[in-house]
Amino acid sequence: MFETVLIANRGEIALRVLRACRELGVRTAVVYSAADADSAAVRLADQAIRIGPASSRRSYLNAAAIVEAARQVGAQAVHPGYGFLSEDADFAEICADNGLTFIGPPPAVMAALADKSSARALMSRAGLPLSPGSVAPVPTAAAAAEVAEAVGYPVIVKAAAGGGGRGMTVVRTPGELRRAYTRTRAAAQAAFGDDRVYVERYLTEARHVEVQVLCDSHGNGVHLGTRDCSVQRRHQKLVEEAPAPALPAAVLDTIAETALRGALDVGFVGAGTLEFLVDAEEQFHFLEINCRIQVEHPVTEMVTGIDLVHEQLHIAAGVPLRWRQEEIRLRGVAVECRVNTEDPERGFTPTPGRLERFTPPGGPFTRVDTHASAGCVIGPWYDSLLAKVVVWAPDRESALNRLERALDEFDVAGPGVHTTIPFVRRVLDDAAFRKGRYTTGLVDRLLGVPGGPPAQRPTSTPAPRSASAATPEVTHRRTR
Ligand code: MV4
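Here, residues in each chain are numbered from 1, in the same order as that chain's written sequence. At least 70 in pLDDT is required for a residue's local features to be given in this predicted model, at least 80 for side-chain atom pairs to be given and counted, and no such filter applies to totals for whole chains, interfaces and linings, which use all residues. Calculated side-chain values reflect all of the structure's heavy atoms, with hydrogen atoms and water omitted.

Undergrad: With reference to specific residues and values, describe helix 10 (residues 297-304).
TA: Accessible area is worked out with a 1.4 Å probe on protein chains only. A residue is then buried under 20% of its type maximum, exposed over 50%, and partly exposed in between. Counting from the N terminus, the helices are DSSP H or I runs at least four residues long and the strands are E runs at least two residues long. Burial analysis of helix 10 places seven of its eight residues in the buried class, which makes it a mostly covered element. Three or more residues of helix 10 are buried, namely His297, Pro298, Val299, Thr300, Glu301, Val303 and Thr304. Just beyond helix 10, the residue with positive phi is Gly305, at close to 75 degrees.

Undergrad: With reference to specific residues and values, describe the sheet that holds strand 6 (residues 155-163).
TA: One open sheet holds the three strands; their spatial order is 7-6-8, and the pairing between them is antiparallel. In this open sheet, the two strands that pair with only one neighbour each are strand 7 (166-171) and strand 8 (197-201). The average undirected angle you get between the axes of adjacent strands in this sheet is 25 degrees. By the bridge criterion, five bridges tie strand 6 to strand 8 in an arrangement that is antiparallel. Looking across to strand 8, one finds that Ala159 is bridged to Val197. On the sheet, helix 6 (residues 116-125) packs against strand 6, strand 7 and strand 8 and is oriented at approximately 100 degrees with respect to strand 6. Should DSSP find at least two bridges between two strands, the strands are regarded as paired. Angles run from 0 to 180 degrees between N-to-C directions of axes, and those axes are lines fitted to C-alpha atoms, restricted for helices to the stretch in contact. Contact criterion: two residues are considered in contact whenever any of their non-hydrogen atoms come within 4.5 Å of each other.

Undergrad: Would you mind going over the site of the ligand in detail, with residue names and values included?
TA: We define proximity as follows: a residue is near a molecule or strand when any one of its heavy atoms falls within 4 Å of that partner. Of all residues adjacent to the ligand, which total 15 residues, the nearest are Lys158, Glu200, Arg201, Leu203 and Glu275. Glu288 places a side-chain nitrogen or oxygen 3.0 Å from a nitrogen atom of the ligand. Sorting the residues of the shell around the ligand by element identifies strand 6, strand 8, strand 12 (270-278) and strand 13 (284-290) as the ones contributing at least two each. Polar here means any residue outside two lists: the nonpolar Ala, Val, Leu, Ile, Met, Phe, Trp, Tyr, Cys and Pro, and the charged Asp, Glu, Lys and Arg; Gly therefore counts as polar. Looking at the shell around the ligand residue by residue, the class counts come to five nonpolar, five polar and five charged. Two N or O atoms count as a polar contact when they lie within 3.5 Å, although within protein this holds only if one can serve as hydrogen donor and the other as acceptor, and sequence-adjacent residues are included solely when both atoms are side-chain atoms.

Undergrad: Requested: an account of the pattern of salt bridges, with residues and values cited.
TA: In what follows, salt bridge is the name for a side-chain nitrogen of Lys or Arg lying within 4 Å of a carboxyl oxygen of Asp or Glu. Applying the stated rule across the entire model yields 33 salt bridges. Linking Arg120 and Glu200 is a salt bridge whose minimum nitrogen-to-oxygen distance equals 3.0 Å. Linking Arg120 in helix 6 with Glu200 in strand 8, this pair joins segments that are 80 residues apart in sequence. Classification of Arg120 as buried rests on a relative accessible area of 0%. As a salt-bridge pair, Glu210 and Arg227 come within 2.8 Å of each other at their nearest N and O atoms.

Undergrad: Help me get a handle on helix 5 (residues 107-114), residues and values and all.
TA: Helical periodicity: at 3.6 residues per turn, an α-helix aligns residues three or four positions apart in one direction. Turning to helix 5, its buried residues number three or more, namely Val109, Met110 and Leu113. Viewed end-on, helix 5 has its buried residues packed into an arc of 100 degrees, placing them on one side of the element. Among the structural elements, helix 4 (89-97), strand 5 (101-102), helix 6 and strand 13 are those in contact with the buried residues of helix 5. In this context, the arc is that of the directions from the helix axis out to the C-beta atoms.

Undergrad: Summarise the packing of aromatic side chains; cite the residues concerned and give the values.
TA: Two descriptors summarise a pair of aromatic rings, namely the distance from one centre to the other and the angle between the planes of the rings. Note on aromatic contacts: the rings of Phe and Tyr and the six-membered ring of Trp form a pair at centre separations within 6.5 Å, being stacked when their planes are under 30 degrees apart, edge-to-face when over 60 apart, and tilted otherwise. With the rule as written, the count across this model stands at 10 aromatic pairs. Taking 5.7 Å as the distance between ring centres and 75 degrees as the angle between the ring planes, the aromatic pair formed by Phe276 and Phe284 counts as edge-to-face. For Phe276, a relative accessible area of 0% puts it in the buried group. Residue classification places Phe284 among the buried positions, given a relative accessible area of 11%. Taken together, a centroid distance of 5.2 Å and an interplanar angle of 85 degrees make the contact between Phe348 and Phe423 edge-to-face. Residue Phe348 is located in the loop between strand 15 (342-343) and strand 16 (349-350), and its partner Phe423 is located in helix 13 (residues 421-429); the two are separated by 75 residues in the primary sequence. Within the aromatic cluster, the residues linked to one another by ring pairs are Tyr60, Phe84 and Tyr382. Above the ring of Phe433, the side-chain terminus of Arg396 is found at 4.9 Å from the ring centroid. Whether a charge sits over a ring comes down to the Lys NZ or Arg CZ being within 6 Å of the ring centre and within 35 degrees of the ring normal.

Undergrad: Can you tell me about the confidence of the model for the protein chain, naming the residues and giving the values?
TA: In low-pLDDT segments, the atomic positions of the prediction should not be examined closely. Every residue is assigned a pLDDT by the predictor, reflecting its confidence on a scale from 0 to 100. Per-residue confidence for the protein chain gives a mean pLDDT of 93; residues scoring 70 or more make up 94%. Here residues 454-473 is modelled with pLDDT under 50, and outside its nearest four sequence neighbours on either side it reaches 35 contacts, counting other chains as well.

Undergrad: Could you give me a rundown of the nonpolar core, with the residues and numbers involved?
TA: To qualify as a nonpolar core, a set must consist of buried Ala, Val, Leu, Ile, Met, Phe, Trp, Tyr and Cys residues joined through side-chain atoms within 4.5 Å. The biggest cluster of nonpolar side chains holds 89 residues, and the ones touching the most others in it are Leu6, Phe91, Leu113, Phe268, Leu274 and Phe276. Filtering out sequence-adjacent residues up to four positions away, Leu113 remains in contact with Ala119, Leu122, Met123, Val266, Phe268, Ile289 and Cys291. Counting residues in hydrophobic clusters, the runner-up holds 36 residues, among them Val391, Leu407, Val412 and Phe433.

Undergrad: Which residues make up unusual backbone geometry, and what values do they have?
TA: Cis geometry marks the peptide bond from Tyr153 to Pro154; its omega dihedral reads -5 degrees. One can find Pro154 in the loop between helix 7 (141-151) and strand 6. A cis geometry characterises the amide bond from Ala242 onward to Pro243, with omega recorded as -10 degrees. Structurally, the position occupied by Pro243 is in the loop between strand 11 (236-242) and helix 9 (249-265). The backbone of Glu282 shows a phi angle near 65 degrees, a positive value even though the residue is not glycine. Along the chain, the position of Glu282 falls in the loop between strand 12 and strand 13.

Undergrad: Run through the environment of Thr420, naming residues and quoting values.
TA: Mapped onto the secondary structure, Thr420 falls in the loop between strand 22 (411-413) and helix 13. With 357 residues separating them in the primary sequence, Thr420 and Ala63 have C-alpha atoms 33 Å apart. Those residues in contact with Thr420 that lie beyond four places of it in its chain are Arg338, Val339, Asn340, Glu342, Pro344 and Phe348. In terms of polar contacts, Thr420 uses its side chain to reach the backbone amide nitrogen of Asn340, at 2.8 Å.

Undergrad: Can you explain the side chain of Glu288? Please cite residues and give values.
TA: If you trace the backbone, Glu288 turns up in strand 13. Glu288 sits in the buried class, given a relative accessible area of 7%. Glu288 has contacts with Lys116, Gly163, Gly164, Thr273, Leu274 and Glu275, leaving out every residue within four places of it along the chain.

Undergrad: Quick one: what's the story with the pairing of strand 10 (residues 221-233), residue by residue and with numbers?
TA: With 13 of 13 residues buried, strand 10 lies mostly within the body of the structure. In textbook terms, the turn of a hairpin is the stretch between consecutive antiparallel strands, and for strand 9 (residues 207-215) and strand 10 this stretch comprises five residues, one of which, Gly219, has a positive phi near 90 degrees. As judged from the four bridges shared by strand 10 and strand 11, these two strands associate in the antiparallel manner. If you follow Gln232 over to strand 11, its bridge partner there is Lys237. Counted along the chain from strand 10 to the antiparallel partner strand 11, the turn is two residues long, and its residue Arg234 has a positive phi close to 45 degrees.

Pasting the structure below:
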């Protein structure tokens, strides 16, 4: 195991990683920006190194400053958390060049999977079913129109370099396609310096189901089941649960086993998440793979009893996987909700400020991951995640009741500070959510967003799995 790990992140995830290191007897060093000098992670770490001003570009995204901090403290490894540099293959490479273990997959694997178009190609080759659409980037608007005609409208134009919902445009009619194509390319160029895009059929009334995998550096892997993350607003998740509800165990097993096969096939190492859409016919479609620990990882920890950050550290240290698949048992249901300092009444706009009161919930099977405390100041600089409230119970109904109880206990107040708690309460009260029969359309419905996704006509014949010879770049053709 490592002697010292450098934590290249902030907020609740910096604390989460710090705690895992402590439990494994690993010394901790944390980098911080001027805005985080008084943070809990800085206070608790064995060492803390200031690397720049509040601006994340000059602090948590400053690879050179982070590598220099690692050198100063004599760290052998860098844990990137989520966000910031966690999925940056160049940063992983820079770490390697400086003799540091990046806690994540090898840089080449990260690079191949960060490109969603390349990830689609690799996973398709591994036998995973893809969302219908192009695999290679689509070079012209005319080619985009051909793919769209082949798979049927609505379609979604996605940036190859995007991810987590960034750089994508839904197109409902052929007349909108050219403009959406041109715009998405321009936006992708501006955001990622890479204007390649591809086109998929836009699946409405689908569920976002993801699979947690752990793969070691010796070719072994296990999956830790599924999570449902369909409750999202503008691709910010609000509520997550494990396992995905209201799907037959056999379907969930197939998705999880298929995901693990894909991860092992592409040489994945570390903790990873494969995202799928599950349609109304319970067909699943690979979307993308995330090469980092995710915000919602605690729900998987609660149903498996496995500490994912411990496992990340062991895998990075070269230890063979400590679990066999048959030792992993899913027990009960865990639900997480994110408490952000945002005002749901004003379009979820961030409401930074000083927390005059901050009393998180407690009680049985109730976990709160937070970096906040009474009197602390939530600044405007970074994302507005304040706390994750995670509960476990033997069944879903009891877990939801427990989460409601916990949220009702949560006392957060400060001048101008709002939280997403009232909105999450509405989700938990929703009849479809309660039944576990909800899709990615739930949040828009609660918000009364007009022109929400059109109901997708159910297809009686399952879509063909193989590519057509005429347009080999299209994975599925329209079935109507
Ligand atoms: C989609 C999709 C429907 N069809 N792709 C969003 C995040 C990114 N990882 C993938 N995402 C989606 N991709 C196709 N072809 C639906 C989502 C999606 C979503 C869309 C609208 C509102 C909420 C959503 C929640 C999860 C996923």
